[in-house]
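# Observations on chain architecture
Here is what each chain is made of, one letter per residue.
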Amino acid sequence: ALTVDGVTKEYWTTATTVDAALTDIGIRAEGAVLSASRSQALGRQGLAMSITLPKKVTLVADKKTRTVTSSSPTVAELLTELKVTLDKDDKISPAVTTPLTQGLKVVVQRITVKEVTATEAIAYSTTKQKDSSMYTDQSKTIKAGVNGSKTVVREKTYVDGKLSKTKVLKTT
């Protein structure tokens with residue numbers, strides 16, 4: 001049985017090696033990842049093997065777009081092959097378990113979450129009152145307002161360096 005990019009078929013051949021069998025059944029495996037050596041002998045009992053053919057895929061990561069040819073079976077292995085490191089917040093599309101297919105576009109978004117504390121002014125009000133002993137355009141200040149302040153803690157989420165979300169965590 002031969003599994004090519006996840007699809008299994010049975011082939012019958014009189015070839016005596018893996019390389020000759022691949023040639024007989026018309027599979028061009030240049031650059032492919034084989035589960036058996038090309039020079040391995042085929043006995044009468046046959047051989048179960050798999051082949052992952054190279055595919056052209058596009059990777060968008062760290063503000064760069066690269067088109068590469070890879071025989072990696074999944075997105076996770078492609079990222080490892082290309083030495084793309086991830087942290088727990090990064091978002092990968094499609095999922096790392098997705099099999100590579102011809103023309104697939106893989107996007108890595110770098111997510112950074114920061115907690116920011118700021119002191120903000122609180123607006124004040126002044127209480128004024130009019131009474132009958134004053135002219136109509138006059139008033140008396142009963143209570144003068146005073147500047148106040150509050151401390152606000154916010155969580156800021158950045159996607160590829162651009163602010164995408166702000167959430168207030170607490171105000172004191």
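Below is a summary of the structure that appears in this document. (Residues numbered from 1 in each chain as written. Predicted model: local features only at pLDDT ≥ 70, side-chain atom pairs only at ≥ 80, totals over all residues. Heavy atoms only, no water.)

Looking only at helices and strands, the protein has two helices and 13 strands in total. Relative to a compact globule of 172 residues, whose C-alpha radius of gyration would be 16 Å, the protein shows 34 Å and is clearly more extended. Structurally, the protein occupies a C-alpha span of about 120 × 25 × 25 Å along its principal axes. Counting only residues that meet the buried cut, the protein has 23% of its 172 residues in that class. Of all intrachain contacts in the protein linking residues separated by at least 6 positions in sequence, the fraction that spans at least 24 positions is 43%. Summed over all atoms, the accessible surface of the protein reaches about 12100 Å², with 51% contributed by carbon and sulfur. When the 26 positive and 17 negative side-chain charges of the protein are each reduced to one mean point, those points stand 7 Å apart. (Helix = DSSP H or I, 4+ residues; strand = E, 2+ residues; numbered from the N terminus. Rg over C-alpha atoms; globule rule 2.2 N^0.38 Å. Buried < 20%, exposed > 50% of the residue type's maximum accessible area, 1.4 Å probe, protein only. Contact = heavy atoms within 4.5 Å. Areas by Shrake-Rupley, 256 points an atom, 1.4 Å probe, with all protein chains shown as cover. Lys, Arg positive; Asp, Glu negative; His and termini not counted. Charge placed at Lys NZ, Arg CZ, Asp CG, Glu CD.)

Time to look at unusual backbone geometry. With an omega of -5°, the peptide bond between serine 93 and proline 94 qualifies as cis. By the secondary structure assignment, proline 94 is in the loop between strand 7 (91-93) and strand 8 (105-109). Positioned with a positive phi, aspartate 5 is a non-glycine residue whose angle comes to about 50°. Note on placement: aspartate 5 falls in the loop between strand 1 (2-4) and strand 2 (7-9). Despite not being glycine, aspartate 160 has its phi angle at roughly 50°, a positive value. Mapping aspartate 160 onto the fold places it in the loop between strand 12 (148-159) and strand 13 (162-171).

Quick look at the sheet that holds strand 5 (residues 55-61) now. Read across the sheet, four strands follow the order 6-5-8-7 without closing on themselves; strand pairing throughout is mixed. Looking along the sheet, the strands with just one partner apiece sit at the ends: strand 6 (64-70) and strand 7. Neighbour-to-neighbour, the strand axes of this sheet turn through a mean angle of 20°, independent of strand direction. The pairing of strand 5 with strand 6 spans seven bridges and is antiparallel. By the bridge assignment, lysine 55 is partnered in strand 6 with serine 70. (Pairing = 2+ DSSP bridges. Axes fitted to C-alpha atoms, helices over the stretch in contact; angles between N-to-C directions.)

With that settled, consider the pairing of strand 4 (residues 49-52). Across three bridges, the pairing between strand 1 and strand 4 is parallel. Note that in strand 4 the partner of leucine 2 across the bridge is methionine 49. With two bridges connecting them, strand 3 (residues 33-34) and strand 4 associate as antiparallel partners. Bridge pairing in strand 4 links leucine 34 to isoleucine 51.

A separate point is the packing of aromatic side chains. Summed over all chains, the structure comprises zero aromatic pairs. Here lysine 114 stacks its cationic end above the ring of tyrosine 158, 5.4 Å away from the centre of that ring. (Phe/Tyr/Trp six-rings, centres within 6.5 Å; stacked < 30°, edge-to-face > 60°. Lys NZ or Arg CZ within 6 Å of the ring centre and 35° of its normal.)

Counting residues in each nonpolar core, the largest one holds 13 residues, and the members touching the most others are Leu59, Leu78, Leu79 and Val106. In this structure, valine 106 is in contact with Thr58, Leu59, Val60, Val75, Leu78, Leu79, Ile92, Ser93 and Pro94, ignoring residues within four places of it in sequence. Counting 11 residues, the second-largest nonpolar core is a separate cluster that includes Leu2, Leu22, Leu34 and Ile51. (Core = buried A, V, L, I, M, F, W, Y, C linked by side-chain atoms within 4.5 Å.)

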